[in-house]
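# Descriptive analysis of the structure
The lines below spell out each chain.
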Amino acid sequence: MDGTRATTGPNNTEEFKVQMAKHNNHAPLRPPSEQSKDRAAKRLSADSNGLSEGGAGARTPVEVTALEEAFRRFAIHGDTRATGKDMHGKNWSKLCKDCNVIDGKNITLTDVDIVFSKVKKKSSRTITFNEFKEALTELSRKRFKDKTSEEAAEEVFKLIEGKSPIIAGVTRAVASPTVSRLTDTTKFTGSHKERFDETGRGKGKAGRVDVLDTSGYVSGYKHAGSYEKKVGPRGKPE
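The sections below set out a description of the structure shown in this document. Here the structure is a predicted model, which is why all the values come from computation and not from measurement. (Residues numbered from 1 in each chain as written. Predicted model: local features only at pLDDT ≥ 70, side-chain atom pairs only at ≥ 80, totals over all residues. Heavy atoms only, no water.)

### Observations concerning helix H6 (residues 129-143)
- Taking 1.5 Å per residue, 15 residues should reach 21 Å; H6 reaches 20 Å between its end C-alpha atoms and fits that length.
- On its buried face, H6 is in contact with helix H3 (66-75), helix H4 (89-98), helix H5 (109-119), strand E4 (126-128) and helix H7 (149-160). (Helix = DSSP H or I, 4+ residues; strand = E, 2+ residues; numbered from the N terminus. Expected span 1.5 Å × (residues − 1). Contact = heavy atoms within 4.5 Å.)

### Some details on H4
- Along H4, the positions that sit buried rather than exposed are Asn91, Trp92, Ser93, Leu95, Cys96 and Asp98.
- Buried residues in H4 make contact with H3, strand E3 (86-88), H5, E4, H6 and H7.
- Downstream of H4 by a residue or two, Asn100 has a phi angle that is positive, lying close to 65°. (Buried < 20%, exposed > 50% of the residue type's maximum accessible area, 1.4 Å probe, protein only.)

### Describing the state of the cysteines
- Per the stated rule, a full pass over the model turns up zero disulfides.
- For the unlinked cysteine Cys96, the closest cysteine sulfur is that of Cys99, found at 7.8 Å.
- For Cys99, a relative accessible area of 1% translates into the label buried. (Disulfide = S-S within 2.5 Å.)

### Digging into the nonpolar core
- By size, the foremost hydrophobic cluster in this structure holds 28 residues, and its most contacted members are Met87, Trp92, Leu95, Phe132, Leu136, Leu139 and Ile160.
- Of all the secondary-structure elements, those providing two or more residues to this core are H3, H4, H5, H6 and H7.
- When near neighbours in sequence (up to four residues on either side) are disregarded, Met87 contacts Phe71, Phe74, Ala75, Trp92, Leu95, Phe116, Arg125, Thr126 and Ile127. (Core = buried A, V, L, I, M, F, W, Y, C linked by side-chain atoms within 4.5 Å.)

### Focus on the packing of aromatic side chains
- Enumeration over the complete set of coordinates arrives at five aromatic pairs.
- Here the aromatic rings of Phe71 and Phe129 are separated by 5.4 Å at their centres, their planes lie at 65°, and the arrangement is edge-to-face. Here Phe71, found in helix H3, pairs with Phe129, found in helix H6; they are 58 residues apart in sequence, far enough to count as distant. As far as the burial class goes, Phe71 and Phe129 line up, both buried. (Phe/Tyr/Trp six-rings, centres within 6.5 Å; stacked < 30°, edge-to-face > 60°.)

In short, geometric facts, not functional conclusions.
Right, here's the structure in full:
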């Protein structure tokens, strides 16, 4: 018995040293429960980044269709808190308008609103991607009446694939008769008229400060300087 204990003790010590040497430069071993939590967290992170875990630890990108990408772009438009996984009614209407799903003849804004209320859940104010495709399929039957259900759905999908929200430009000022009259320099009178030249360009300081006129002509005289041209320059007084 003493020989057995003497033989076993050193072997266990040596195995312990080998295990410690293997993990000397690595993080300490963690319980299996914590390791499973880490794997679940990695899967959630991969899903949010459009990635999935493949065999042997490989990570492969999740295939996102052009239709789904367009759905995400419109879903987050104008909403900083949106995740892109669902879409509210305002952006749904904008998508149908920007992508020409609404043609004003077969499909109107009213039809779009009705279909949205039809496919969404009663307690929800948004639609998911699957409900989005269901709504488009519903509209496609009215948009392309001369095609089969499958062909009509494909045509509507093509209208949306790869599209992004149209951002309106800067609002243009509307010309108003009142504003035009107030900004037309040819209609100015009095001291305001003197601040602009014939082309409507401001004179700057000359139009704001009274400059002493020593020419000898009456202010506003049209033929100022004509006398000097006739008789020539005057001699200097002695």
